[in-house]
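Summary of structural features
Here is how the chains run, residue by residue.
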Amino acid sequence: GPGRVVVVGGGFGGVTAARYLKLMNPALSVTLVEPRDTYFSCPGSNEAIAGLSGLGTLERSYATVSRAFDIKKVNAQATHLDRPRRRIVLSDGSEVPYDRLILSPGIDFRWDAIEGYDEAASRTVPHAWKAGPQTAMLARQLRAMPDGGRVLITVPANPYRCPPGPYERASLIACYLKKHKPRSKVLILDAKTRFSKQPAFEQAWRELYGDMLEWISSEKQGRLERVDAAARSVETEFDTFRADVLNVIPPQKAGALAEVSGLTDGSGWCPVDPMSFASPFDSAIHVIGDACQAAPMPKSAFSANSQAKVCAAAVIASLAGEPPPEPLLINHCYSLVAPDEAISISGVYGYSWNDGQLATRSAGETPPDGDRKREAAYARIWQRNFRADVFG
Ligand code: FAD
């Protein structure tokens with residue numbers, strides 16, 4: 001037969017892969033393993049936090065994917081892989097066999113990286129870096145904060161999911177505060193000394209939010225040493241910062257399934273051959289999305305979608321005993337800085353035959369004096385088209 005392909009993880013990477021496998025070869029048997037009935041999208045979640053849209057707008061259904069595309073959805077968590085027997089072991093003990101496996105498990109948090117910020121602490125001090133109840137919690141805390149309060153966002157070092165995401169979040173929170181609680185402030189405590197789209201973000205902040213929003217580089221404050229969830233305060237090497245609303249975005253790693261399956265290296269992420277996204281540890285397994293190392297591509301939904309299409313083509317070629325087609329990958333990422341103003345960054349990535357890695361073929365970003373209103377209109381169109389491309 002044409003082969004059994006199983007995809008684990010029904011997020012942007014996994015759903016795109018499952019769909020495009022079926023588009024490219026309808027005869028293929030494609031199974032999607034994902035425990036949740038509905039997916040919550042991180043793209044759009046900063047708008048929901050700032051009250052610009054409802055949380056309901058983040059929900060995505062798997063109905064179109066499974067019905068219109070004849071993809072079998074298994075509602076279960078994969079606990080581990082039996083790699084020698086090419087089987088996925090599910091939480092209820094049952095097994096799903098595969099000829100090729102595509103993993104897109106997303107991220108997990110390094111709960112041991114910051115003293116005082118573990119999973120229990122995240123139940124009162126949200127990270128809101130996986131959308132859903134965490135997004136709702138941060139939105140609620142922001143609504144409940146009195147005027148004159150301080151919102152503090154801590155940002156990890158690279159690499160992490162969505163490099164410009166924390167700065168979009170700070171912008172939209174400042175926008176909410178300016179309107180509803182104008183004596184309040186947003187502080188970003190960064191583990192880095194520079195960040196994605198920085199010139200355009202900083203120009204927008206000066207024009208729109210003045211001294212309501214402050215970014216503090218690690219040059220000034222050093223390491224984030226400790227979080228006190230009960231006191232809602234954080235300690236850096238040099239100071240203690242108290243917050244009324246505290247949002248800690250912790251350091252991250254590949255989703256746990258990749259780690260327990262021996263597909264990660266010392267970095268905590270999964271190395272891959274960017275020609276096919278196959279794992280160097282197991283040629284029957286491909287890893288895409290946030291979990292894989294695809295630098296210089298950033299970890300974004302757009303990247304995951306682009307990688308999924310390259311990976312689907314490579315899997316189909318490999319089942320036919322053929323080499324994968326040479327890939328060209330794209331990322332294009334919008335950040336809203338106000339409800340009707342956005343900035344963006346894009347990159348095109350090709351395969352470098354010299355070192356077997358991805359290389360940037362072209363790149364660009366909104367300049368500080370760019371047309372932010374026009375970019376916001378493009379951002380809306382992208383959101384609609386992207387949603388349709390992935391979830392239908
Ligand atoms: P995910 O989308 O996280 O999907 C992983 C899926 O795998 C989940 O559904 C999970 O339930 C499932 N899973 C995990 N482990 C298992 C297991 N063991 N068994 C079964 N299922 C499992 N990107 C953009 O391109 N544009 C944006 O505007 C943008 N905005 C963002 C804003 C914020 C605030 C954040 C946090 C992120 C944003 N992103 C954006 C980034 C984007 O959300 C991620 O890059 C994207 O979700 C990665 O897709 P993925 O498939 O790798 O992982």
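The structure contained in this document is the topic of the report that follows. (Residues numbered from 1 in each chain as written. Predicted model: local features only at pLDDT ≥ 70, side-chain atom pairs only at ≥ 80, totals over all residues. Heavy atoms only, no water.)

1. Some details on the sheet that holds strand β12 (residues 185-190)
- Spatially, β13-β12-β11-β17 is the arrangement adopted by the 4 strands of the open sheet, whose pairing is parallel. Among the strands making up the open sheet, the edge pair consists of β13 (213-216) and β17 (245-248). In this sheet, neighbouring strand axes are inclined to one another by 15° on average, regardless of whether the strands run parallel or antiparallel.
- As paired strands, strand β11 (residues 150-155) and β17 are joined by 4 bridges and run parallel to one another. Across the sheet, residue isoleucine 153 finds its bridge partner in β17, namely asparagine 247.
- Helix-sheet contacts for helix α4 (residues 133-144) involve β11 and β17, and the interaxial angle to β17 is about 155°. (Pairing = 2+ DSSP bridges. Helix = DSSP H or I, 4+ residues; strand = E, 2+ residues; numbered from the N terminus. Axes fitted to C-alpha atoms, helices over the stretch in contact; angles between N-to-C directions. Contact = heavy atoms within 4.5 Å.)

2. Quick look at the sheet that holds strand β8 (residues 95-97)
- In spatial order, the strands read β6-β7-β8; together these 3 strands make up an open sheet with antiparallel pairing. Both edges of this open sheet fall to β6 (78-82) and β8, since each of them pairs with a single strand only. Strand-to-strand twist of the sheet, defined as the mean angle between neighbouring strand axes without regard to direction, takes the value 25°.
- Sheet analysis places strand β7 (residues 87-90) next to β8, joined by 3 bridges and oriented antiparallel. Each residue of the ladder has a partner; that of isoleucine 88, found in β8, is valine 96.

3. Digging into the site of the ligand
- Neighbouring residues of the ligand: 35 residues in total, closest Glu34, Tyr39, Ser104, Arg161 and Asp290.
- Coverage of the ligand by the protein amounts to 93% of the 1000 Å² it exposes when considered alone.
- Those elements that place two or more of their residues in the shell around the ligand are α1 (12-24), α2 (45-49) and α9 (301-319).
- Among the elements that line the shell around the ligand, the one with the most residues is α9, at 3 residues.
- A per-class count over the shell around the ligand returns 18 nonpolar, 11 polar and 6 charged. (Near = heavy atom within 4 Å. Areas by Shrake-Rupley, 256 points an atom, 1.4 Å probe, with all protein chains shown as cover. Nonpolar A, V, L, I, M, F, W, Y, C, P; charged D, E, K, R; others polar.)

4. What to know about the environment of tryptophan 111
- Summarising the element assignment, tryptophan 111 is placed in the loop between β10 (107-109) and α4.
- Using a relative accessible area of 25% as the deciding quantity, one classes tryptophan 111 as partly exposed.
- With 10 residues separating them in the primary sequence, tryptophan 111 and alanine 121 have C-alpha atoms 9.7 Å apart. (Buried < 20%, exposed > 50% of the residue type's maximum accessible area, 1.4 Å probe, protein only.)

5. Some thoughts on the side chain of histidine 127
- Tracing the backbone shows histidine 127 in the loop between β10 and α4.
- Take histidine 127: its relative accessible area is 5%, and that puts it in the buried class.
- Separated by 2.9 Å, the side chain of histidine 127 and the backbone nitrogen of tryptophan 129 make a polar contact.
- Aside from chain neighbours lying at most four places away, what touches histidine 127 is Phe109, Trp111, Tyr117, Ser122, Gln134, Arg169, Asn247, Val248, Ile249 and Pro250. (Polar contact = N/O pair within 3.5 Å; in protein donor to acceptor, adjacent residues only side chain to side chain.)

6. Regarding the pattern of salt bridges
- Taken as a whole and judged by the stated rule, the model has 21 salt bridges.
- Between arginine 85 and glutamate 95 there is a salt bridge; the shortest N-O distance is 3.4 Å. One end of the pair, arginine 85, is in the loop between β6 and β7; the other, glutamate 95, is in strand β8, with 10 residues separating them in the sequence.
- The partly exposed category is assigned to glutamate 95, whose relative accessible area is 34%.
- Between arginine 87 and glutamate 95 there is a salt bridge, with the nearest N and O atoms lying 3.3 Å from each other.
- With relative accessibility at 26%, the residue arginine 87 sits in the partly exposed group.
- A cluster of three or more residues bridged by salt bridges with shared partners is formed by Asp82, Arg85, Arg87 and Glu95. (Salt bridge = Lys/Arg side-chain N within 4 Å of Asp/Glu carboxyl O.)

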